[in-house]
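# Geometric and topological summary
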Amino acid sequence: MTLTAQTSTTTSYDLGPACALACRACGHRSDLAAEFACPQCFGPLEIAYDFGRITREDIERGPRSIWRYQGLLPVPSTVADHPNTDPGCTRLLRADRLGAALGIKNLWVKDDTGNPTHSFKDRVVAVALAAARELGFTVLACPSTGNLANATAAAAARAGWDSVVLVPASLERAKILMTAVYDTNLLACEGTYDDVNRLATELAFEQEDWAFVNVNVRPYYAEGSKTLGYEVAEQLGWRIPAQTVIPIASGSQLTKVDKAYGELAALGLVEDSPYKVFGAQAAGCSPVSTAFAEGTDVVRPQKPDTIARSLAIGNPADGPYVLDAVRRCGGVVTDVTDEEIRDGIRLLARTEGVFAETAGGVTVANAKKMVESGALDPDADTVLLITGDGLKTLDAIEHQVGPKATIPATSKAVREALGL
Ligand SMILES: *Cc1c(COP(=O)(O)O)cnc(C)c1O
Ligand SMILES: [Zn+2]
């Protein structure tokens, strides 16, 4: 099939308030289409909007999913009528016990393990699918470090689309099975995620009806991360938290949460109060925190080696924009060791009853480090983004936790084992 999006510049799409693609590097504007690189300078494209009047009541009346923010997203007005995974509206938990352990007075955990495929990636894929349908695509595809594979395969299944999912062959078993079960065309590729990503970019030019959610429809996909910021603000009673700690893979999520806070203030939906965003990486894949520490704008690629495989992007597309956002608001980007990540997973589980994957361990462990260094203000309202479920990375903790003892099934043995 031919792809109208690439052959016609006069077609106008129903993509809600989205009005153009704008280059983040040179500002050049072009019509909405399935493009991701600036025709002038090859810089990354981002969605520009023409927002109408939006009130808190409009949003509160909406569905209990990310589609309540439809008026702020590049999706058709009829988006909620089409089969999609309808993610979002996950729990924002007051986290007093974790707060006490970290020394933060007012702490919340945004628990995005509650999405349909148990990570925040359902948000970005849902927006990408809705936009891709409008742009005329018929196949959903992605290169993935795991969570995106799960979300893409599930969303395509529900929509009745074919899908093609490319992952590094070294991926966690759970993430392979949790993708393959949706009967997608799952291909395990030799090499790192960055190799798989290069392959996807090549294929995006060759296979015209494949929407690679994070490649050729990336400008639309990326906007899905804004819903995390909108939700946090709405759940706090329409206010922006003073501090938000955000894990970094490509860096898209951090830049879009920042964008969401800015939009809410610009639209008068929240008070325009100062806030800081903080970036969290693993030491074994820390290109952004390294650049931050060196005080440079240049993010040098790394070869990842960390248990936080969902964050293992050695050449993060949005790295420079993360540095801009964090430096602008006075936050920091730091990284933690694999051991600290495991401790972070266990600390969150034991204090709040939330079992996060390694990316959640990265967020918690970096928050601890940032309090200790004085970068996080212990007296300011703080939200930690917990973006994926621990069931996906059981191997990370399998040698750390287990039964206290194996005993005969007698009450005497229980008392002995527990020292009663
Ligand atoms: C993909 C991912 C992120 C961050 O993604 P960005 O590429 O930085 O937007 C964070 N947490 C989890 C669990 C992920 O899968
Ligand atoms: Zn440009």
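Residues numbered from 1 in each chain as written. Chains lettered and ligands numbered in written order. Predicted model: local features only at pLDDT ≥ 70, side-chain atom pairs only at ≥ 80, totals over all residues. Heavy atoms only, no water.

Let us now look at the nonpolar core. By size, the foremost hydrophobic cluster in this structure holds 119 residues, and its most contacted members are W67, L98, L140 and Y220. Mapped onto the domain boundaries, this core takes at least three residues apiece from domain 1 (18-83 + 119-221) and domain 2 (91-118 + 225-396). Excluding residues that lie within four positions of it along the chain, L98 makes contacts with L107, V109, L347, L348, T351, E352, V364 and L384. Grouped together as the second largest cluster of nonpolar side chains are twelve residues, A141, V196, A200 and W210 included. (Core = buried A, V, L, I, M, F, W, Y, C linked by side-chain atoms within 4.5 Å. Buried < 20%, exposed > 50% of the residue type's maximum accessible area, 1.4 Å probe, protein only. Domains from an automatic or database assignment. Contact = heavy atoms within 4.5 Å.)

Let us look at the coordination of the zinc ion (ligand 2). Any two of four tetrahedral donors ideally make an angle of 109.5 degrees at the metal, while pairs among six octahedral donors ideally make 90 or 180 degrees. Around the zinc ion (ligand 2), the protein supplies C23 (SG), C26 (SG), C38 (SG) and C41 (SG) as donor atoms, at distances of 2.3 Å. Note that the zinc ion (ligand 2) binds four donor atoms; their angles at the metal cover 101 to 115°, and the shape is tetrahedral. In the primary structure, the donors to the zinc ion (ligand 2) are separated according to the pattern C-x2-C-x11-C-x2-C. The class of C38 is buried, set by a relative accessible area of 1%. The exposure class assigned to C41 is partly exposed, which follows from its relative accessible area of 34%. (Donors = N, O, S within 2.8 Å, 3.2 Å for Na, K, Ca; no water. Tetrahedral: all angles 85-135°; square planar, octahedral: opposite > 155°, others 65-115°.)

For the structure on display, the rule yields five aromatic pairs. Considering the side-chain rings of F36 and F205, the 6.2 Å spacing of their centres and the 45° angle between planes classify their relative orientation as tilted. With F36 in the loop between β2 (29-30) and β3 (45-49) and F205 in helix α7 (residues 193-206), the pair connects residues that are 169 residues apart, well separated along the chain. Given a relative accessible area of 23%, F36 falls into the partly exposed group. For F205, a relative accessible area of 60% puts it in the exposed group. (Phe/Tyr/Trp six-rings, centres within 6.5 Å; stacked < 30°, edge-to-face > 60°. Helix = DSSP H or I, 4+ residues; strand = E, 2+ residues; numbered from the N terminus.)

Attention now moves to the pattern of salt bridges. It is possible for side chains bearing opposite charge to pair when their charged atoms get close. Tallying each qualifying case throughout the model produces 27 salt bridges. One salt bridge connects E234 with R68, and the closest N-O pair in it is separated by 2.7 Å. Of this pair, E234 sits in helix α9 (residues 226-235) while R68 sits in the loop between α2 (56-60) and β4 (91-94); the two residues are 166 residues apart in sequence, bridging distant segments of the chain. On the basis of relative accessibility, which here comes to 11%, the residue R68 falls in the buried class. Across the salt bridge formed by E231 and K110, the nearest N and O atoms sit 2.6 Å from each other. (Salt bridge = Lys/Arg side-chain N within 4 Å of Asp/Glu carboxyl O.)

To continue, consider the site of ligand 1. Among the 15 residues in the neighbourhood of ligand 1, the closest are listed as K121, N147, S250, Q253 and T387. The separation between an oxygen atom of ligand 1 and a polar side-chain atom of K121 is 2.8 Å. Interatomic distance of 2.8 Å between a backbone N/O atom of G251 and an oxygen atom of ligand 1. Coverage of ligand 1 by the protein amounts to 97% of the 380 Å² it exposes when considered alone. Its residues placed into classes, the shell around ligand 1 shows six nonpolar, seven polar and two charged. (Near = heavy atom within 4 Å. Polar contact = N/O pair within 3.5 Å; in protein donor to acceptor, adjacent residues only side chain to side chain. Areas by Shrake-Rupley, 256 points an atom, 1.4 Å probe, with all protein chains shown as cover. Nonpolar A, V, L, I, M, F, W, Y, C, P; charged D, E, K, R; others polar.)

This part covers unusual backbone geometry. For F42, which is not glycine, the phi dihedral falls at a positive 65°. Mapped onto the fold, F42 is located in the loop between β2 and β3. A positive phi angle, near 45°, is found at D86, a position not held by glycine. Of note, D86 is situated in the loop between α2 and β4.

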